[in-house]
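# Geometric and topological summary
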Amino acid sequence: MDYIKTDIDGVWILEPKVWKDARGYFTETWNETDFNAHVGTTRFVQDNESQSVRGVLRGLHYQRGEASQAKLVRVLEGEVMDVAIDLRSASPTLGRYVAVRLTAENHRQLFVPRGFAHGFQVLSERATFAYKVDNRYAPEAEV
């Protein structure tokens, strides 16, 4: 896995190595030891998946305070433009964003730390989106 720093501290693009042959492909999508060594210790507690059709805009969502969530996101089918916006009040990059095209073909993932709004728009006919979170969903803290 290649870990690519972005212009915003804490936001990472992950590019897994993909081995392809006549049967299809194999890739490692998550390795706790490797991830923690590059990005920092994150304890994911839940995996989520959504499916949307072309043009759907999901987000921008975030949870306030102790309910805040870090996310590791990827696309299983299709293509999205994924965006993370820095909402950390003490951050020198407050209000700046990272936008990454995530596709089933490029296998890229985006790590979005706590303190960011997150969302994506579907660019393909349909997209299946998967993500890990480090905190349970708290509807009362959602914005």
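Everything numeric in this text was worked out from a predicted model, so none of it was measured.

With omega at 5 degrees, the peptide bond leading from G59 into L60 counts as cis. Its location among the elements puts L60 in strand β6 (residues 57-61). The residue H107 is not glycine, and still its phi comes out positive at about 60 degrees. Summarising the element assignment, H107 is placed in the loop between β9 (97-103) and β10 (109-112).

Next up on the list: the sheet that holds β9. If you trace the 4 strands from one edge of the open sheet to the other, you get β6-β11-β8-β9, paired in antiparallel fashion. The sheet terminates laterally at β6 and β9, the two strands that pair on one side only. Averaged over all neighbouring strand pairs, the angle between strand axes comes to 15 degrees, with direction disregarded. In this structure, β6 lies alongside strand β11 (residues 116-122), joined through 3 bridges in antiparallel fashion. Within β11, the position partnered with R58 by the bridge is F120.

Turning our attention to the pairing of strand β4 (residues 24-27). The pairing of strand β3 (residues 18-21) with β4 spans 4 bridges and is classified as antiparallel. Within the sheet, the bridge partner assigned to D21 lies in β4 and is G24.

Quick look at the pairing of strand β8 (residues 79-86) now. Among the 8 residues that make up β8, 6 are buried, leaving the element largely enclosed by the rest of the structure. Pairing of β8 with β11, which is carried by 7 bridges, proceeds in the antiparallel orientation. Each bridged residue has a counterpart across the sheet, and for A84 the counterpart in β11 is H118.

Moving on to the packing of aromatic side chains. For the structure on display, the rule yields 9 aromatic pairs. Between the aromatic rings of Y3 and W12, the centroid separation amounts to 6.4 Å while the plane-to-plane angle is 75 degrees, which identifies the pairing as edge-to-face. Note on Y3 and F35: the rings are 6.5 Å apart at their centroids and 65 degrees apart in plane angle, and the pair reads as edge-to-face. Residue Y3 is located in strand β1 (residues 2-5), and its partner F35 is located in helix α1 (residues 32-38); the two are separated by 32 residues in the primary sequence. An aromatic cluster is present here, built from Y3, W12, W30, F35, F44 and F111 joined pairwise through their rings.

Here we come to the pattern of salt bridges. In this structure the tally under the stated criterion is 9 salt bridges. Its salt-bridge partner being R23, residue D21 comes within 2.5 Å of it at the nearest N-O pair. Linking E77 and R126 is a salt bridge whose minimum nitrogen-to-oxygen distance equals 2.8 Å. With a gap of 49 residues between them, E77 in strand β7 (residues 71-77) and R126 in strand β12 (residues 126-133) connect regions that are remote in the sequence.

Criteria and thresholds
Residues numbered from 1 in each chain as written. Predicted model: local features only at pLDDT ≥ 70, side-chain atom pairs only at ≥ 80, totals over all residues. Heavy atoms only, no water. Helix = DSSP H or I, 4+ residues; strand = E, 2+ residues; numbered from the N terminus. Pairing = 2+ DSSP bridges. Axes fitted to C-alpha atoms, helices over the stretch in contact; angles between N-to-C directions. Buried < 20%, exposed > 50% of the residue type's maximum accessible area, 1.4 Å probe, protein only. Phe/Tyr/Trp six-rings, centres within 6.5 Å; stacked < 30°, edge-to-face > 60°. Salt bridge = Lys/Arg side-chain N within 4 Å of Asp/Glu carboxyl O.

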